[in-house]
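Inside the fold
Here is what each chain is made of, one letter per residue.
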Amino acid sequence: VISNSGNKSAILSLLCETDFVAKNDDFKSLAATLAEKLLNGELAMDEAEAPDEVKDAFVKLGENIQIGDKKIIEGNLVGSYVHSNSRIGVLVSFEGGNDELAKDVAMHIAATSPQCISPDEVSDELVEKEKEIWKDQLAQEGKPAEILDKIMMGKEKKFREENALIKQSFVKDPEKTIEQLLQEAGATIKEFTRVEV
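Residues numbered from 1 in each chain as written. Predicted model: local features only at pLDDT ≥ 70, side-chain atom pairs only at ≥ 80, totals over all residues. Heavy atoms only, no water.

On to the sheet that holds strand β8 (residues 188-196), then. Here three strands make up an open sheet; going across it, the order is β4-β5-β8 and the pairing antiparallel. Of all strands in the sheet, those bounded by a partner on one side alone are β4 (77-82) and β8. Across the sheet, the axes of successive neighbouring strands diverge by a mean angle of 10°, strand direction being ignored. Bridge count between β4 and strand β5 (residues 88-95): six bridges; the pairing is antiparallel. (Pairing = 2+ DSSP bridges. Helix = DSSP H or I, 4+ residues; strand = E, 2+ residues; numbered from the N terminus. Axes fitted to C-alpha atoms, helices over the stretch in contact; angles between N-to-C directions.)

Structure (structure tokens):
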């Protein structure tokens, strides 16, 4: 669930055990209330104990209910998107741009699940794990030793770009990358968060 107020938005996932409860109006209302409290500072980001509303919902709905991921994002422009199944939510903060761009990029993030904004932000730990897989693949393919370094560099570059938001092809227009879309709008992405249950 997402709650917005001006240039600040909060996203919160509320977890339950069954789809029956997840579709219940009381459960949805509780999620919206908690997201608003998070946005207004009435629910701490690191709060360990469940608020009274969650305890009351447990009693009323007869199911274990917990607060999952939660985050607040601020910026000159914050785009948000919750997928129709309510299982994926995205917040993205921009410098520049417009509401249409913000919604389009938020939808794109929901669809493609990038790890970071730019290729240099992809974690080295993640790249090292992939390198082990690539080495095994190349060994099985019997590639000549003299070209292995070039192949590994190419695979790393491709992997970093596939996991970086700005290098991805825009889902609504695959002829453009997100980077090109941002340049056309005179916008930059400051941060984003994607929550999936």
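From this point, the discussion proceeds with the structure in view.
Another point: the environment of Val-197. Structurally, Val-197 is set in the segment after β8. Considering only alpha carbons, one finds Val-197 and Ser-123, 74 residues apart in sequence, at a separation of 23 Å.

This paragraph deals with the pairing of strand β2 (residues 8-15). Extensive coverage of β2 is indicated by the burial of six of its eight residues. Here strand β1 (residues 2-5) runs beside β2; their pairing, made up of four bridges, is antiparallel. Each residue of the ladder has a partner; that of Ser-5, found in β2, is Lys-8. Taken together, β1 and the strand that follows it, β2, pair antiparallel across an intervening segment of two residues, in which Gly-6 is found at a positive phi of about 60°. Note that β2 and strand β3 (residues 66-74) share seven bridges and pair antiparallel. Bridge assignment links Leu-15 to a residue of β3, and that residue is Gln-66. (Buried < 20%, exposed > 50% of the residue type's maximum accessible area, 1.4 Å probe, protein only.)

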